[in-house]
Number of protein chains: 2
Amino acid sequence: MRAEARTPLDFLPDAPMATSTVEDYLKQLYLEQQQAHAASLVPMGKLAAAMGVVPGTATSMVKALADSGLVTYEPRSGAKLTKGGEQLALHVLRRHRLVELFLVKILGLDWSEVHAEADELEHAISEKVLDRIDALLEHPSVDPHGDPIPPAKGKMVGTRQHSLLDCVLHTPLRVARVIDQEPAFLQFVNRCGLTPGTVLTVKSREEQAAAVSITIAGKATLALGSAAAGKIFVEPV
Amino acid sequence: MRAEARTPLDFLPDAPMATSTVEDYLKQLYLEQQQAHAASLVPMGKLAAAMGVVPGTATSMVKALADSGLVTYEPRSGAKLTKGGEQLALHVLRRHRLVELFLVKILGLDWSEVHAEADELEHAISEKVLDRIDALLEHPSVDPHGDPIPPAKGKMVGTRQHSLLDCVLHTPLRVARVIDQEPAFLQFVNRCGLTPGTVLTVKSREEQAAAVSITIAGKATLALGSAAAGKIFVEPV
DNA sequence: TCCTGCATTTTGATGAGTCAAAGTGCGTAG
DNA sequence: CTACGCACTTTGACTCATCAAAATGCAGGA
């Protein structure tokens with residue numbers, strides 16, 4: 001594979017260009033770290049599963065990343081991004097999410113299919129092209145799934161959101177984010193009309209049934225299992 | 001490098017997915033074949049130079065391509081695309097040129113810089129995205145340099161064009177194509193206002209001086225050496 | 001014909017990324 | 001306190017694409 005024309009590591013003076021594989025590991029590490037919302041270490045097993053490789057592969061890649069100063073690695077415990085690694089991961093995530101929005105808004109693809117497309121494109125887009133896309137979309141702050149787009153510079157501001165599992169009942173709320181990239185699930189969300197922006201009310205939550213009942217825009221009533229409900233995040237209208 | 005999500009070789013039933021390196025070799029082979037406008041073999045030296053690798057690398061890659069049935073290889077003479085290889089090469093070229101036009105028309109990049117960008121993107125674009133771009137651009141037939149965009153299906157129709165070196169004199173002609181991807185040259189063409197679409201007249205051609213004099217849109221007069229003049233192609237107004 | 005020059009081919013090595021399978025270490029159940 | 005199981009690490013091998021440098025072969029000049 002020949003050299004790739006992408007983001008240099010401005011902060012690591014003359015580091016070798018990150019390959020798309022390196023970018024993918026960093027991105028995944030970032031996402032895992034977020035999800036395990038502590039500043040804890042991501043175990044190799046989790047990372048390997050997320051990357052679709054055997055554990056041994058993750059171990060050796062992470063050791064290489066540690067040598068490049070992109071992660072800190074604690075044998076038999078896990079890894080976590082360094083300042084520099086996180087910066088690069090956010091760069092990749094920014095490309096990914098801007099591309100997703102671009103594919104939906106400009107090219108008219110369905111939100112259920114853009115994740116896979118963006119996974120490829122995020123490694124091929126130059127800073128210049130990215131800037132044009134960002135401008136064309138008028139500097140958006142969230143992608144089609146409601147995931148925040150990291151800004152070109154500066155930290156992301158994380159507003160804590162509530163899922164359908166822990167939001168207030170009997171109050172109109174707006175769908176802000178759907179945390180799942182599975183096309184099948186996203187298409188289901190489409191069919192129910194639960195896409196970001198939709199206003200709904202949670203009617204009831206049955207702990208033992210592990211289900212919630214919601215009313216969408218005052219019309220249809222729908223039951224969701226807690227697995228699905230936990231993926232839908234809402235904010236006050 | 002992980003698997004890539006792109007054009008399968010529909011015509012070669014269950015062939016392995018072409019890597020972006022393979023795509024690049026095929027594309028280059030196609031371009032070299034065109035340029036040496038006979039159906040002759042492309043020597044390894046030429047191919048290696050075009051690909052920016054040492055000759056030995058080209059030899060071994062071409063042997064691999066021959067094993068996949070994408071080229072026919074004549075040791076110590078050269079290689080040429082098979083039917084299947086040409087089909088794939090045209091696919092790649094279509095992606096490349098549609099992306100170039102997209103970058104200029106939709107994202108507003110300068111035509112002098114899109115070639116390099118497209119070289120990266122052409123390997124990351126899925127059929128679906130390509131179709132959307134094609135539709136958005138209203139099924140264009142040429143890219144920003146005037147190079148023909150291979151159609152999704154069917155052969156390219158090759159209209160023979162004249163360069164400033166062999167066109168008629170004293171007759172208004174329209175610039176149709178500029179065959180050079182060097183940003184510096186393209187920017188020069190920009191400055192002179194010789195971009196595709198411009199109407200000009202060739203005033204004189206001095207064989208011994210290896211130069212031609214042209215008048216652009218009835219105003220400015222300009223002298224071009226034959227190297228440059230040979231890169232500008234025109235068609236009757 | 002013989003020889004030389006040069007393009008081409010071969011050979012051996014390298015780096016990235018991966019897997020299979022064997023080895024290791026640590027928490028916890030007994 | 002010991003041992004088991006499971007997560008993690010190591011090892012060896014493989015593929016792809018590449019280079020450096022040595023070997024080869026052909027075309028043309030003497």
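Basis of the calculations
Residues numbered from 1 in each chain as written. Chains lettered and ligands numbered in written order. Predicted model: local features only at pLDDT ≥ 70, side-chain atom pairs only at ≥ 80, totals over all residues. Helix = DSSP H or I, 4+ residues; strand = E, 2+ residues; numbered from the N terminus. Rg over C-alpha atoms; globule rule 2.2 N^0.38 Å. Buried ≥ 20, exposed ≤ 12 C-beta atoms within 10 Å, placed from the backbone. Near = placed C-beta within 6 Å. Nonpolar A, V, L, I, M, F, W, Y, C, P; charged D, E, K, R; others polar. Axes fitted to C-alpha atoms, helices over the stretch in contact; angles between N-to-C directions. Parallel < 35°, antiparallel > 145°, perpendicular 65-115°, else oblique. Left-handed = near helix turned anticlockwise from the far one by under 90°. Contact = placed C-beta atoms within 7 Å.

Caption draft 1: Layout of the overall build of chain A. Secondary structure summary: chain A contains eight helices and eight strands in total. On C-alpha atoms alone, chain A measures out to a radius of gyration of 19 Å, which is about the 18 Å that the 2.2 N^0.38 rule sets for 237 residues. Along the longest, intermediate and shortest principal axes, the C-alpha atoms of chain A span 60 × 45 × 30 Å. For chain A, buried positions account for 36% of its 237 residues.

Caption draft 2: Local environment of the protein's contact with DNA strand D. Taken together, 21 residues lie around DNA strand D, and Pro43, Gly45 and Gly56 of chain A together with Thr19 and Val53 of chain B are the ones closest in. Tallied by class, residues from the surface near DNA strand D come to nine nonpolar, nine polar and three charged.

Caption draft 3: Expanded view of the protein's contact with DNA strand C. If you check the shell around DNA strand C, you find 21 residues, and the closest are Thr19 and Thr21 of chain A together with Pro43, Gly45 and Gly56 of chain B. For the surface near DNA strand C, the secondary-structure elements that each account for two or more residues are helix 1 (20-35) and helix 3 (55-67) of chain A together with helix 2 (44-51) and helix 3 (55-67) of chain B. Looking at the surface near DNA strand C residue by residue, the class counts come to nine nonpolar, nine polar and three charged.

Caption draft 4: Main features of the packing of helix 4 (residues 83-105) of chain B against helix 5 (residues 114-121) of chain B. Residue and element names in this part refer to chain B. Packing of helix 4 against helix 5 leaves a shortest axis separation of 9 Å and a crossing angle of 130°. By the criterion of interaxial angle, the relationship of helix 4 to helix 5 is oblique. Here the hand of the crossing between helix 4 and helix 5 comes out right-handed. Facing helix 4, whose interface residues are His96, Val99, Glu100, Leu103 and Val104, helix 5 presents Val114, His115, Glu117, Ala118 and Leu121. Classifying every residue of the contact of helix 4 with helix 5 gives six nonpolar, two polar and two charged.

Purely geometric numbers; function is a separate question.
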